[in-house]
Amino acid sequence: MTFPIVYSDLDGTLLDHHTYSWDEAQEALERLKAARVPLVLVSSKTRVEIETLRRALGNTDPFISENGGAVFLPEDCDLAAPASARRIEGYRAIVLGLDHEEMAAKFDLLARDFPIRAFSRMPASEAAALVGLDVEAVQAAQQREYGEAFIFTREDVSLTAFEAAAGRLDLEVTRGGRLFHLLAGNDKGRAVRLLTGLYRQEHDRVATIGVGDAPNDEPLLAAVDLAYLVARPDGTHARLHVPEISRVPGRGPAGFKQAVFDGLARVASLDRL
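What you see is a predicted model, and the numbers here were worked out from it, not measured in a lab.

Calculation notes
Residues numbered from 1 in each chain as written. Predicted model: local features only at pLDDT ≥ 70, side-chain atom pairs only at ≥ 80, totals over all residues. Heavy atoms only, no water. Helix = DSSP H or I, 4+ residues; strand = E, 2+ residues; numbered from the N terminus. Contact = heavy atoms within 4.5 Å. Pairing = 2+ DSSP bridges. Axes fitted to C-alpha atoms, helices over the stretch in contact; angles between N-to-C directions. Salt bridge = Lys/Arg side-chain N within 4 Å of Asp/Glu carboxyl O. Buried < 20%, exposed > 50% of the residue type's maximum accessible area, 1.4 Å probe, protein only.

## Brief notes about the environment of Thr 153
With respect to the helices and strands, the residue Thr 153 is situated in the loop between β8 (148-152) and α6 (159-168). A sequence separation of 38 residues divides Thr 153 from Pro 115, and the C-alpha atoms of the two residues are 5.4 Å apart. In this structure, Thr 153 is in contact with Pro 115, Ile 116 and Arg 117, ignoring residues within four places of it in sequence.

Take a look at the structure:
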């Protein structure tokens, strides 16, 4: 039997873009739990944010934080972590990104020439208003470990020029639903492939299903067997360059539900061939 794994983005995918609710995905979540299919959360969110969400969902699977900054394996997870894994607060962590302290120094260099503000340094009330979270939730979002989220304080900034300047510091720029992100080594695709490799050590046949909505999900969707792109709040789809991607009409969690049911059906069909 083929062992399926679902990798999902959070904001705008499993979580509604405006309300952060996953109610419309509940049926799919229950199906995954009943079938014991791992649901790996892959997000620009911090470890602390994802931990809160995992508790609410009853999710105990590995997860990937900060756009692929690190892969976190719970201590009771049966997967074999590589020797390089760090022990971090109840996890074996495979770290891919640059530690936040080093990122902060590079951010300050860029801030000399560009009108940018670090999300992690904003007053919690201001950051909460920016992303639509309460103050407690936004404080968790500000606890960056492997990157920096930020905004431009003017609209006339050349993104091309900024990306070039970041590149000279060995940094990459990506954009999520509300914030830009500076990364160094973070890679959703690399993290997904690494974790899938660990699952393949335990299962003879593995099929991966990926669900996302935004440009920063492109590496994730390029790294899975079955890629699904859910609709944005306005009903359109992000422009991604992923071969054979399936664009589902549902928005956010409704699209997640459609993707999961279609993906599981396609995986099941492989075993009937």
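The discussion continues.
## Side note on the sheet that holds strand β9 (residues 172-175)
Sheet architecture is open: four strands sit in the order β7-β8-β10-β9, paired in antiparallel fashion. Since the sheet does not close on itself, it has two edges, and those belong to β7 (116-118) and β9, each with one partner. Adjacent strand axes in the sheet meet at a mean angle of 35 degrees when their direction is disregarded. Taken together, the four bridges between β9 and strand β10 (residues 180-183) define a ladder with antiparallel strand orientation. Residue pairing across strands places Val 173 opposite Leu 182, the latter belonging to β10.

## A word on the sheet that holds strand β11 (residues 206-212)
The mixed open sheet is built from nine strands, whose spatial order is β5-β6-β4-β3-β2-β1-β11-β12-β13. The outermost strands of the open sheet, each flanked by one partner alone, are β5 (86-88) and β13 (246-251). For this sheet, the mean inter-axis angle between neighbouring strands, taken without regard to orientation, is 25 degrees. Taken together, the three bridges between strand β3 (residues 63-65) and strand β4 (residues 70-74) define a ladder with antiparallel strand orientation. Among the inter-strand pairings, Ser 65 is bridged to a residue of β4, identified as Ala 70.

## Some remarks on the pattern of salt bridges
One pass over the structure, following the stated rule, counts 15 salt bridges. Its salt-bridge partner being Glu 126, residue Arg 117 comes within 2.4 Å of it at the nearest N-O pair. Of the charged contacts in the structure, one is a salt bridge between Arg 154 and Asp 156, with a shortest N-O distance of 2.8 Å. Under the relative-accessibility criterion, Asp 156 is labelled exposed at 58%. One salt-bridge network, in which partners are shared between bridges, spans Arg 47, Glu 51, Glu 89 and Glu 145.

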